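# Coordinates in review
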Number of protein chains: 2
Amino acid sequence: MTTSSDLPQSAYQNLANIWTRAHHLGHLQAIASWDQAANMPPHGNEARAAAMAEMAVLLHGILTAPDLAAQHDAAEKESLSQQQRANLTEMKRQWVARTAIEPESVRRMQMATARCEHAWRTQRPANDWQGFLSNFKEVVSLSRLEAKALSQKLGVSPYEALMDQYEPGLTTATVDRVFNDVRTWLPGLIQQVVAQQAAQTVAIAQGPFPIPQQRDLCETIMRLLGFDFQAGRLDISTHPFCGGVPEDVRLTTRFNEQEFITSLYGTIHETGHARYEQGRPKDWLGQPASQARSMAIHESQSLFFEMQLGRHPGFLSQIAPLMKLQFGAHAAFEPENLAMLLTRVKPGFIRVDADEVTYPAHILLRYDIERQLIQGDIEAEDIPALWDSAMHSLLGVDTRGNFKDGPMQDVHWPMGLFGYFPCYSLGAMYAAQWFASMRATLPQLDSQIAAGDFQPIFDWLKTHIWQQASFWPTDTLAQMASGSSLNPAHFKNHLMQRYLRT
Amino acid sequence: MTTSSDLPQSAYQNLANIWTRAHHLGHLQAIASWDQAANMPPHGNEARAAAMAEMAVLLHGILTAPDLAAQHDAAEKESLSQQQRANLTEMKRQWVARTAIEPESVRRMQMATARCEHAWRTQRPANDWQGFLSNFKEVVSLSRLEAKALSQKLGVSPYEALMDQYEPGLTTATVDRVFNDVRTWLPGLIQQVVAQQAAQTVAIAQGPFPIPQQRDLCETIMRLLGFDFQAGRLDISTHPFCGGVPEDVRLTTRFNEQEFITSLYGTIHETGHARYEQGRPKDWLGQPASQARSMAIHESQSLFFEMQLGRHPGFLSQIAPLMKLQFGAHAAFEPENLAMLLTRVKPGFIRVDADEVTYPAHILLRYDIERQLIQGDIEAEDIPALWDSAMHSLLGVDTRGNFKDGPMQDVHWPMGLFGYFPCYSLGAMYAAQWFASMRATLPQLDSQIAAGDFQPIFDWLKTHIWQQASFWPTDTLAQMASGSSLNPAHFKNHLMQRYLRT
């Protein structure tokens, strides 16, 4: 008699085991990466970098092993469930992307970006564009080579090949369709809102707001938002992020005694990422199909929490008493005032400080520039002039000569992360689309939110986004969740309704 | 022309590269292990355990690869420096020990000890010796098999083979020589000291002692003791330990608002371990010769800090003002009172709460029992009677029926850590020997300590212990550092002088 354990292992199962092994080793990498940002003392850096590099090489080797191609082919011919087949598709997709780049190119890129990013930390405050350029040109040159190698494997344009790393399958046709629509109405909307808000009087509470109380407020609101503290933590780091592993999510924020709203809303944003991670299908953890779908979808979760739910008047009426509890009563903590405070629109230089309405302008500008840069239509030296012109036309601000608050403000370019920026605005648009879809099926939703019942939202997101993980392409996921592909009209409607109410 | 880079890599260099790789991967394991104790939320446990097991298997595979034997032989014939040869000796020693145990035995032992230790957590408070026995007998049985396998490889007795894992080369002849000497004078000394101290009046400060201030005090004293906060941290865990990596030492303590001395002296103890780790030869990190020599030598550093220096009247005169600064003036914080408080001798049940004088009695008893148990001279069922008898004769206390504060008190036996206990007392003896040796060459040492100048101590330890790492066997290290092999007379003299001063 032959029992199942006597049978040779299927190619699919063998592949799944390899991914599980990588998942276990990646767990240590993720925790060490969080620790690096949240805990590590300065002199630990060199040894940590060596350890992280060793693990990166090991994982790269495991997931690009040459015999995987044959195993993929063998698994294709096996009898697989629909989910297993989706998992195999993801395995192959990631294998292709990983093997497109020569290990030697990876190493050169890592060294160039490490050098550029490290120098940038001091060049930025010194407004030293020329110094920055000397390193940045090498990053651009290597990124172009990488984009070309990837584009040949994927059969898409070089810039699309870079976007594909963050949002698989995203085309410039889609981005252009969506962003060109935004271009038609955004500058006008900004002017209109700014004019309307000029007459508003908004109360602002004065600090200090003691950090233990800020922390308590953040944790209380994370609990309201369903964050599972049995499977995660809140800590402090210079740049807030959501890290760790799905079974143990490490979320960070930073506190400022003089002002607590930025930290709170940063925490709410990261909680959106965290719930996506905590909500991924437990039975599939370790397999690529269980991973978050893409960075645009990830941003759709964080921005849903931060913008759609977090600034909803019903939500504000729930958290206003919690602010009073921590910091005492103040006119600033009235829900109506909070709503005004949290929807102030003001064109400015800095993307990460931008409000919901002006934010897309920052993305449009970066998309235009980085696409041309990767295509070779412009060179790094051409960036400031294009930047100044776009900031003037989109936001009406003058950035000439101000490199540090201009093209040097983001870490993305010195790190070689070209193709990521569109995900932020696509995420904001998907978030609006999810909310519109929820409202269509949950007619009581707004009053439920006002009553502090967020469960219908969590259930919707869990069913339609978190549990769907990477079992479908982004566009299929969007259609299944909301009945249509990405439609920027929802985002426009959201902004009109929230910002042009009279 | 042949340049050096054209030459085939030497076997030695190849081995060194393998160890460096294991060191980098072990870095992530060490940080994740610290995180597990200091940070990890409960539901992260399962995924972490799987990740740690994956890494343990990976590292075991790297360091027991069958072809290493041939490479060791090849390296033996190469031209090596004295330090490289010592490194090769350590490589071979560790390879022999690691390969002596079948991976299947490792797995069975891990499962048995995990089950026993997990059940022990609830069995101990319930005083459930019979329940404990049901798991513990399996741990004993597997430990005997492991001891036998190791003993055949090493050519020593089974119990010596287990001790060898913690203190390479340690023989029962040495332990017997040293411990039998202690047996002749320890019970009498304890009685004498207890009688003398009966007349003492010791002031005790009442809490609460706020935890932020306790933490501040601990960190201040860690700095006094030379802990490098640029390459390490202090955090909180249930069981204090010194973990992390030499480049980033993670030290933990636990705080109790009602009492701060235990936490402070636990921190001082761990700081001794930490300085050994931070003081290991930087150029050799990653190689086995750079590792701490042994657990007895490691304990000699922690106990040097905790007992020799930490209870030195000159040191107390330095830290007394720091206590007053944190908690206000109190008679308890006068140096003379601190000296009395920190040298109170009281026979008790619990090893980890024992004072410096009664502590060795706890070790003598465990050594006698666990050696017979591994040799098969007794069975687990025989332990309580032997325990009761030894506690009565050595410390004059009655432990009958009290399993939880008797043979169930330590985590070592449920974890299968037989052969470790002697290291604690050998460490205390080496610490006394180091201090005697320092005093012989540094005639001003006591007054330097009283003046707050601990640098001569750090310099001595760095030169004679930390930087020597594992370049020599323990006995050679002891002879080079202090002019002789382990000599328990120094420990006896230390106790006599400190505890029988009139």
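Bear in mind the structure is a predicted one, so any value in this text is a computation, not a measurement. (Residues numbered from 1 in each chain as written. Chains lettered and ligands numbered in written order. Predicted model: local features only at pLDDT ≥ 70, side-chain atom pairs only at ≥ 80, totals over all residues. Heavy atoms only, no water.)

### Considerations on the overall build of chain A
Rule in force here: The numbering of helices and of strands both runs from the N terminus, where a helix is a DSSP run of H or I of at least 4 residues and a strand a run of E of at least 2. Taken over C-alpha atoms, the radius of gyration is set against a globule rule of 2.2 Å times the number of residues to the power 0.38. Accessibility here uses a 1.4 Å probe with only protein chains present; expressed as a share of the type maximum, an area under 20% marks a residue as buried, one over 50% as exposed, and anything in between as partly exposed. Whether two residues are in contact is decided by their heavy atoms, any of which lying within 4.5 Å being enough. Only the protein chains shown count as cover for residues, and the accessible areas themselves come from Shrake-Rupley with a 1.4 Å probe. Only four residue types enter the tally: Lys and Arg on the positive side, Asp and Glu on the negative side; His and the chain ends are excluded. Here the site of a charge means NZ on Lys, CZ on Arg, CG on Asp, or CD on Glu.
Within chain A, the regular secondary structure consists of 20 helices and 3 strands. By the compact-globule yardstick of 23 Å for 502 residues, chain A fits well, its C-alpha radius of gyration being 23 Å. In terms of its C-alpha atoms, chain A occupies a principal-axis envelope of roughly 80 × 55 × 50 Å. Every one of the 502 residues in chain A was classed for burial, and the buried ones make up 55%. In chain A, the share of contacts with a sequence separation of at least 24, taken over all contacts with a separation of at least 6, comes to 73%. When the accessible surface of chain A is totalled, it reaches about 20,900 Å², and 53% of it is carbon and sulfur. Within chain A, one finds 41 positive and 52 negative side-chain charges whose respective centroids are separated by 1 Å.

### Looking at the pairing of strand β3 (residues 248-253) of chain A
Residues and elements named next belong to chain A. Inclusion rule: Note on pairing: DSSP must find at least two bridges between two strands before they are called paired.
Of all the 6 residues making up β3, 6 are buried; the element is thus mostly covered by neighbouring parts of the structure. Side chains of β3 alternate between two faces, with D248, R250 and T252 and V249, L251 and T253 buried alike. Judged from the 5 bridges that link them, strand β1 (residues 232-236) and β3 form a sheet pairing that is parallel. Counted as the bridge partner of R233 is R250 from β3. Bridging between strand β2 (residues 242-245) and β3 involves 4 bridges; their strand directions are antiparallel. Within β3, the position partnered with C242 by the bridge is L251. Here β2 hands over to β3 after 2 residues, the two strands then running antiparallel side by side.

### Concerning the sheet that holds β1(A)
Residues and elements named next belong to chain A. Note the following rule: Every axis in this analysis is a line fitted to C-alpha atoms, fitted for helices over the stretch in contact. Angles between the N-to-C directions lie between 0 and 180 degrees.
Read from one edge to the other, the open sheet built from 3 strands follows the order β1-β3-β2, with strand pairing classed as mixed. In this open sheet, the two strands that pair with only one neighbour each are β1 and β2. Along the sheet, successive strands turn relative to each other by an average axial angle of 25°, direction set aside. Against the sheet, helix α9 (residues 211-224) contacts β1 and β3, and its axis sits at roughly 150° relative to β1.

### Some words on the environment of R107(A)
Residues and elements named next belong to chain A. Mapped onto the secondary structure, R107 falls in helix α5 (residues 103-123). In this structure R107 comes out as partly exposed when scored by relative accessible area, which is 40%. In this structure the C-alpha to C-alpha distance between R107 and A53, which are 54 residues apart in sequence, comes to 9.8 Å.

### Observations concerning the packing of helix α1 (residues 11-38) of chain A against helix α2 (residues 45-63) of chain B
Heads up, the rule is: Note on terminology: angles under 35 degrees are roughly parallel, angles over 145 are roughly antiparallel, angles of 65 to 115 are roughly perpendicular, and the others are oblique. For this classification, the nonpolar set comprises Ala, Val, Leu, Ile, Met, Phe, Trp, Tyr, Cys and Pro, the charged set comprises Asp, Glu, Lys and Arg, and every other residue, Gly included, is treated as polar.
Look at α1(A) against α2(B): their axes get within 8 Å of each other, and the N-to-C directions meet at 105°. Looking at the two axes, α1(A) sits roughly perpendicular to α2(B). From α1(A), R21(A), H24(A), L25(A), H27(A), L28(A) and I31(A) reach across to α2(B), where they touch A47(B), R48(B), A50(B), A51(B), M52(B), E54(B), M55(B) and L58(B). Residues belonging to the contact of α1(A) with α2(B) are distributed by class as follows: 9 nonpolar, 2 polar and 3 charged.

### A closer look at the packing of aromatic side chains
Any pair of aromatic rings gets described here by the distance separating the centres and the angle formed by the planes. Residue and element names in this part refer to chain A. What counts, and what does not: Two aromatic rings, drawn from Phe, Tyr or Trp (for Trp, its six-membered ring), form a pair once their centres lie within 6.5 Å of each other, and the interplanar angle then sorts them: stacked below 30 degrees, edge-to-face above 60, tilted otherwise.
According to the stated counting rule, one finds 53 aromatic pairs over all chains in the structure shown. With 6.2 Å between their ring centres and 40° between their planes, F136 and F418 make a pair best called tilted. Here F418 lies in the loop between α15 (383-395) and α16 (421-441) and F136 lies in helix α6 (residues 129-154), a separation of 282 residues in the sequence. Three or more aromatic residues joined by ring pairs make a cluster, and in this case those are W129, F132, F136, Y166, Y359, W387, F403, W413, F418, Y420, F421 and Y424.

### Quick word on the interface of chain B and chain A
This is how the line gets drawn: Take the accessible area each of two parts loses on contact, using a 1.4 Å probe, and add the two losses: that sum is the buried area. Salt bridges are identified by distance alone: a Lys or Arg side-chain nitrogen within 4 Å of an Asp or Glu carboxyl oxygen.
Taken residue by residue, the interface counts 33 residues in chain B and 33 residues in chain A. Both sides together, the interface formed by chain B and chain A hides about 2,800 Å², and carbon and sulfur atoms give 62% of it. Three residues, L28(B), E54(B) and Q230(B), lead the burial of chain B against chain A; their summed loss comes to 21% of the area buried on that side. At the surface where chain B touches chain A, the tally comes to 6 salt bridges. Looking at the side of chain B that touches chain A element by element, the count peaks at 10 residues for helix α1 (residues 11-38) of chain B.

### Regarding the relation of the copies chain B and chain A
Worth spelling out the cut-off: Superposition of the copies used a least-squares fit over C-alpha atoms from residues whose pLDDT is at least 70 in both.
Superposing chain B onto chain A takes a rotation of 179° combined with a translation of 0.0 Å along the rotation axis, leaving an RMSD of 0.0 Å. Each copy turns onto its partner about a two-fold axis. Proximity to the rotation axis, assessed at the C-alpha, singles out L28(B) in chain B; its C-alpha lies 3.1 Å from the axis.

### What to know about helix α3 (residues 68-76) of chain A
The periodicity of an α-helix, 3.6 residues per turn, causes residues three or four positions apart to be oriented the same way. Residue and element names in this part refer to chain A. Rules: This arc corresponds to the set of directions leading from the helix axis out to the C-beta atoms.
For α3, the complete set of buried residues consists of L68, Q71, H72 and A75. The buried residues of α3 occupy an angular sector of 105° when projected down its axis, which confines them to one face. Of the surrounding secondary structure, the elements contacted by the buried residues of α3 are α1, α2 (45-63) and α4 (82-100).

### Focus on the sheet that holds strand β1 (residues 232-236) of chain B
Residues and elements named next belong to chain B. One open sheet accounts for 3 strands, arranged β1-β3-β2; its pairing is mixed. Each edge of the open sheet carries a strand with a single partner, namely β1 and β2 (242-245). Recorded for the sheet is a direction-independent mean angle of 25° between the axes of neighbouring strands.

### A closer look at the confidence of the model for chain A
Caution is warranted with low-pLDDT regions, since their predicted coordinates should not be read in detail. Residue and element names in this part refer to chain A. Formally: Within a predicted model, pLDDT stands for the predictor's per-residue confidence, ranging from 0 to 100.
Mean pLDDT over chain A: 95, with 98% of residues reaching 70 or higher. Scored below 50 in pLDDT, residues 1-5 shows 2 contacts in the model against residues more than four places distant or in partner chains. In the model output, the complex is listed with pTM 0.93 alongside ipTM 0.92.

### Observations regarding the environment of E270(B)
Residue and element names in this part refer to chain B. Inspection of the secondary structure puts E270 in helix α10 (residues 261-279). The spacing of E270 and Q301 is 31 residues in sequence and 9.0 Å in space, taken between C-alpha atoms. E270 has contacts with P240, F241, C242, L251 and T252, leaving out every residue within four places of it along the chain.

### Regarding the nonpolar core
As a reminder of what qualifies: We call a set of buried Ala, Val, Leu, Ile, Met, Phe, Trp, Tyr and Cys residues a nonpolar core when their side-chain atoms join them within 4.5 Å.
Ranked by size, the top nonpolar core spans 123 residues in total, and within it F136(A), F304(A), F315(A), W434(A) and L461(A) carry the most contacts. Considering every element that reaches this core, the biggest residue donor is α16(A), with 12 residues. Counting 122 residues, the second largest nonpolar core, distinct from the first, contains Y159(B), L225(B), L322(B) and V357(B).

### Considering the pattern of salt bridges
A side chain with one charge may pair with a side chain of the opposite charge, provided their charged atoms come close. Per the counting criterion, the structure on display carries 50 salt bridges over all chains. For E54(B), the salt bridge identified is with R21(A), shortest N-O distance 3.2 Å. With E54(B) in helix α2 and R21(A) in helix α1, this residue pair bridges two chains. The exposure class of R21(A) is partly exposed, given its relative accessible area of 29%.

### Re helix α8 (residues 172-197) of chain B
Residue and element names in this part refer to chain B. For clarity, the cut-off: The span one expects for a helix is its residue count, reduced by one, times 1.5 Å. The seven residues ending at a residue and the seven starting there each receive a fitted axis; the angle between those axes is the bend at that residue.
Taking 1.5 Å of rise per residue, the 26 residues of α8 would be expected to cover 38 Å, and the 35 Å separating its terminal C-alpha atoms lies within 8% of that figure. For α8, the principal kink sits at W185 and spans about 35°; a proline, P187, occurs within the next four residues. Here α8 has its buried residues at T172, V175, D176, V178, F179, V182, W185, L186, L189, I190, V193 and Q197. Of the surrounding secondary structure, the elements contacted by the buried residues of α8 are α7 (158-166), α14 (359-375), α15 (383-395), α16 (422-441) and α20 (489-499).

### Overview of the side chain of D164(A)
Residues and elements named next belong to chain A. Position of D164 relative to the elements: it lies in helix α7 (residues 158-164). No salt bridge is formed by the buried D164. Its closest oppositely charged neighbour is R93, at 4.1 Å. Sequence-distant contacts of D164, that is, excluding residues within four places in its chain, are made with R93, L154 and G169.

### Brief notes about the packing of α8(B) against α16(B)
Residue and element names in this part refer to chain B. Where α8 contacts α16, the axes come no closer than 11 Å and their chain directions differ by 75°. Taken together, the axes of α8 and α16 lie roughly perpendicular to each other. For the pair α8 and α16, the contacting residues are V178, F179 and V182 in the first and P422, S425, L426 and M429 in the second. Here the residues of the contact of α8 with α16 sort into 6 nonpolar, 1 polar and no charged.

### Considerations on the side chain of E370(A)
All names here are of chain A. What counts, and what does not: Whenever two N or O atoms come within 3.5 Å, that pair is a polar contact, provided that in protein one can donate a hydrogen and the other can accept it, and provided that, for residues adjacent in sequence, both atoms are side-chain atoms.
By the secondary structure assignment, E370 is in helix α14 (residues 359-375). Within the buried core, E370 has no salt-bridge partner, and the shortest N-O distance to an opposite charge, that of R366, equals 7.6 Å. A polar contact is formed between the side chain of E370 and the side chain of W413, at a distance of 2.9 Å. Among residues more than four places away in sequence, those in contact with E370 are Y159, W413, L417, F418, G419, Y420, F421 and P422.

### Let's talk about the state of the cysteines
Residues and elements named next belong to chain A. Put simply, the rule reads: Two cysteine sulfurs form what is called a disulfide whenever their separation falls within 2.5 Å.
By the definition in use, this model includes 0 disulfides over all chains. Free cysteine: C242, not disulfide-bonded; nearest cysteine sulfur from C218 at 14 Å. With relative accessibility at 22%, the residue C242 sits in the partly exposed group.

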